[in-house]
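Coordinates in review
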Amino acid sequence: MSRLTMREAISQAMWEEMEKDPSVFILGEEVGVWGGSYAVTKGFYDHFGGERVRDTPIAETAIIGAAIGSAMTGLRPIAELMTINFAFAAMDQIVNQAAKLHYMFGGQFVLPLVIRAVGGGGRQLGATHSQTPDAVFAHFPGLKVVSPGTPADAKGLLKTAIRSNDPILFIENATMYQVRGEVPDGDYLVPIGISCIQRPGKDVTIVTYSKGLEISLKAAEELAKDGIEAEIVDLRTLRPLDMGPVIESFKKTNRAVIVEEGWKSFGVGAEIASRIYEQAFDYVDAPVVRVAQKEVPLPYNRALEQSALPQPSDVVAAVREVL
Amino acid sequence: MDNANLLDFYYQMVLIRRLEERGAELYQAGKIGGFMHLYIGQEAVSTGLIGARQPQDRVITAYRDHGVAINCGIPANEVIAELMGKATGISQGRGGSMHMADRTRNFWGGHAIVGAHLPIAAGLALGDKYAGRDGVTICMFGEGATNIGFFHEAVNLAKVWNLPVLWVCENNRYGMGTTVERASAVSEIQQKAEGYGMVHERVDGMNVLAVYDASKKAIEAVRNGSGPRMLEIMTYRFRGHSMGDPERYRKQAEVKKWEEQDPLGVLHNHLIENQVTSIEVLEEIEERANLAIQKAVEFAEASPEPGLDTLFNNIYAEEV
Ligand SMILES: Cc1ncc(C[n+]2csc(CCOP(=O)(O)OP(=O)(O)O)c2C)c(N)n1
């Protein structure tokens, strides 16, 4: 075990996989000489060289397309999108190509491809640079969407993703790179598509992932002061979605709050809530409540932006509402 | 170009320089947040270019937009207030450094997605052409932006539809840390105009007079219906890409070398050597710019934050 930041855990996962497998390589904007605009690939260029740590032009469509094509020949590209907001510039490659090619040609083409993209708000970057569009990407069958909430999961899930033969979007959160946690050394793998309990409790089920986990853990501490024990389920993967631990927890607590950083409408919370109603209707003691971002493009002004983002106090209020 | 205009260019360039220097300090002090990209070193480009436009000509640019905002006539007060996220900012604190715009001054915005404003520029020009107006749309972008598909789709469309756009590439040699040679198939960006059958010219962007002359000619040619054109303006940013750039990708000696051609110094020398004016007059202009920025910071500091109750304003043009 080592105490690592999220940034270090992600970096370590890629480093170890690149050391192990020469077909793994990185491509993206400023991943090489600069060391990654969020310093995740710092030191990679000097160690692995420019063939395996490839700086690209500002050309998101070409980045994803080249990753897809090279993956189809057997390489294992890790394509970095500088932020997830730039994925929209590559939407056709992600949605119409990466998510479709295996199925549409009867399983002939295999795409062992990871797209790393960082998202999230709260850094005063304005409307185009602050989005959490995870649910958008989770909409498409054929694409897997992973988004860890702890450094250990980040390492384990990314290593599994790199070894996987399917296209995987790996979503990070820019405000979480400094979050620290215990991370197993060496070959540590976490399976994709498995939710887990991050905090046991008996009174209410909080379902969340990524940044929402940080928010929910803070809220749970607050609630514990009043003797309310929240159980937190971390989805970790949005597609394929593992409802097992959610339903199990809900059958115990009969109450749920769903916490996500993205917008509420048509979001992760909407999906989870309807699955709870579908799968555990008889256990419902209170309407499921969603905590999410206010429905507005995020503004630059700090106070305005913070007022639009979900806060621990919102989660506390939501829990009190369902109890 | 007459002497009064030249002195005004000098004033605008010094004003931008001081604004950027103060902006950097305010950023360091935590009074400005987000991403902020300074225009220091590139002042002659937008000053000469926008100095050559007519009021009916639209300007649109990327996120490195503070200087462009000043040249378009937005008071420094409203630029700095926007940087500080105040209600009196030109975008009411919603946009920040990367998103300034002022319709009334025909400035159609700073845009933060690389290359995304190029197709929009084609649309602005389409609007003018469709309505029979004689405005030219001046679209500014970095050389790095010429590698994204948006660029190619936009310039092609503008040519095919003969839209009145002047495409202006500010070639400052780097897109973040990547040199033009490492990112672009041709490092002379004007060659890309060749591929789309457009008239083009490479211009010394450290010399505001050269920029002005080339821009004037190009804008009027576009206005006269001869189709879109492209200028590649050679320049250099003296500071990092944005605040907090470790600048591992270039040597300080290279920066020093370009600083010898500081566009403010180049114009200063021109004005003195050609006896356009005296050192005293230039000092007086510099003092005026200093004062304007000082006043602007005071204005911004004293301005109110946008009310939290205004969060949902302007999501749609119509009530929902
Ligand atoms: C579509 C997209 N990809 C990546 C970025 C991140 N980014 C912002 S500025 C920049 C470099 C742009 O370089 P250039 O066009 O030469 O303009 P300069 O910054 O030199 O003015 C990059 C990669 C972005 N904003 N949008």
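Residues numbered from 1 in each chain as written. Chains lettered and ligands numbered in written order. Predicted model: local features only at pLDDT ≥ 70, side-chain atom pairs only at ≥ 80, totals over all residues. Heavy atoms only, no water.

Turning our attention to the overall build of chain B. Each helix and strand counted, chain B has twelve helices and eight strands in total. For a compact globule of 320 residues, the expected C-alpha radius of gyration is about 20 Å, and chain B comes in at 19 Å, within 12% of that figure. For chain B, the C-alpha atoms occupy an extent of roughly 60 × 50 × 40 Å along the three principal directions. Put simply, chain B has 320 residues, and 57% of those count as buried. Long-range contacts, defined here as pairs at least 24 residues apart, represent 74% of the contacts in chain B between residues at least 6 apart. Summed over its atoms, the accessible surface of chain B is roughly 13100 Å², and 50% of this surface lies on carbon and sulfur atoms. Within chain B, one finds 31 positive and 42 negative side-chain charges whose respective centroids are separated by 4 Å. (Helix = DSSP H or I, 4+ residues; strand = E, 2+ residues; numbered from the N terminus. Rg over C-alpha atoms; globule rule 2.2 N^0.38 Å. Buried < 20%, exposed > 50% of the residue type's maximum accessible area, 1.4 Å probe, protein only. Contact = heavy atoms within 4.5 Å. Areas by Shrake-Rupley, 256 points an atom, 1.4 Å probe, with all protein chains shown as cover. Lys, Arg positive; Asp, Glu negative; His and termini not counted. Charge placed at Lys NZ, Arg CZ, Asp CG, Glu CD.)

All names here are of chain A. Running from N to C, helix α8 (residues 211–225) and helix α12 (residues 312–322) point in directions that differ by 55°, and their axes come no closer than 8 Å. When the interaxial angle is binned, α8 and α12 end up oblique. The interaxial crossing formed by α8 with α12 has right-handed handedness. Contacts between α8 and α12 pair I215, K218, A219, E222 and L223 from the former with P312, V315, V316, V319 and R320 from the latter. In terms of residue class, the contact of α8 with α12 is made up of seven nonpolar, no polar and three charged. (Axes fitted to C-alpha atoms, helices over the stretch in contact; angles between N-to-C directions. Parallel < 35°, antiparallel > 145°, perpendicular 65-115°, else oblique. Left-handed = near helix turned anticlockwise from the far one by under 90°. Nonpolar A, V, L, I, M, F, W, Y, C, P; charged D, E, K, R; others polar.)

Turning to the site of the ligand, a few remarks are in order. Around the ligand there are 21 residues in total, and E60 of chain A together with Y63, R64, A112 and G144 of chain B lie nearest to it. With respect to the ligand, its neighbouring residues span chains A and B. V114 of chain B is positioned such that a nitrogen or oxygen atom in its backbone is 3.0 Å from a nitrogen atom of the ligand. At 3.2 Å, a side-chain N or O of E143 of chain B approaches an oxygen atom of the ligand. Here the ligand, which alone exposes 590 Å², has 95% of that area covered by the protein. The class makeup of the residues in the shell around the ligand is eleven nonpolar, six polar and four charged. (Near = heavy atom within 4 Å. Polar contact = N/O pair within 3.5 Å; in protein donor to acceptor, adjacent residues only side chain to side chain.)

Bringing the interface of chain A and chain B into the picture now. Facing 32 residues of chain A, the contacting portion of chain B comprises 40 residues. It is W34, I58 and Y300 of chain A in chain A that bury the most area against chain B; as a group they hold 28% of the surface buried on that side. Put simply, chain A and chain B have one salt bridge between them. A salt bridge links D55 of chain A to R182 of chain B, with the nearest nitrogen and oxygen atoms 2.8 Å apart. Linking chain A with chain B are eleven residue pairs in polar contact (both at pLDDT 80 or more), by the criterion used here. Broken down by element, the residue count for the side of chain A that touches chain B peaks at four residues, all from helix α11 (residues 302–308) of chain A. Looking at the side of chain A that touches chain B, its residues break down into 18 nonpolar, seven polar and seven charged. (Buried area = accessible area lost by both parts, 1.4 Å probe. Salt bridge = Lys/Arg side-chain N within 4 Å of Asp/Glu carboxyl O.)

Time to look at the environment of M206 of chain B. Residue and element names in this part refer to chain B. Along the chain, the position of M206 falls in the loop between β7 (199–204) and α9 (208–223). Residue M206 is classed as buried on the basis of its relative accessible area of 1%. Distance in space between the C-alpha atoms of M206 and Y236 is 8.2 Å, their sequence separation being 30 residues. Among residues more than four places away in sequence, those in contact with M206 are G41, A44, M234, T235, Y236, F238, W258, Q261, P263 and V266.

The share of residues in chain B with pLDDT of 70 or more is 100%, and the mean pLDDT across the chain is 98. The ipTM value of the predicted complex is 0.97, and its pTM value is 0.97. (pLDDT = per-residue confidence, 0-100.)

This paragraph deals with the pairing of strand β14 (residues 289–293) of chain A. Residues and elements named next belong to chain A. The element β14 is extensively covered by neighbouring structure, given that four of its five residues are classed as buried. Note that strand β13 (residues 256–263) and β14 share four bridges and pair parallel. Pairing of W263 across the sheet is with Q293, part of β14. Tracing the backbone out of β13, into helix α10 (residues 268–280) and back to the parallel element β14 gives a crossover that is right-handed. (Pairing = 2+ DSSP bridges. Right-handed = clockwise from strand over helix to strand, strands pointing away.)

As a further point, take the pattern of salt bridges. Across all of its chains, the model carries 39 salt bridges over all chains by this definition. Across the pair R202 of chain B and E232 of chain B runs a salt bridge, and its minimum N-O distance is 2.9 Å. In this pair, R202 of chain B is assigned in strand β7 and E232 of chain B in strand β8 (residues 229–234), connecting sequence segments 30 residues apart. With relative accessibility at 35%, the residue R202 of chain B sits in the partly exposed group. Classification of E232 of chain B by relative accessible area gives buried; the value is 0%. If you follow the salt bridges from partner to partner, you end up with E16, E17, K155, K159, R163 and D187 of chain A in one network.

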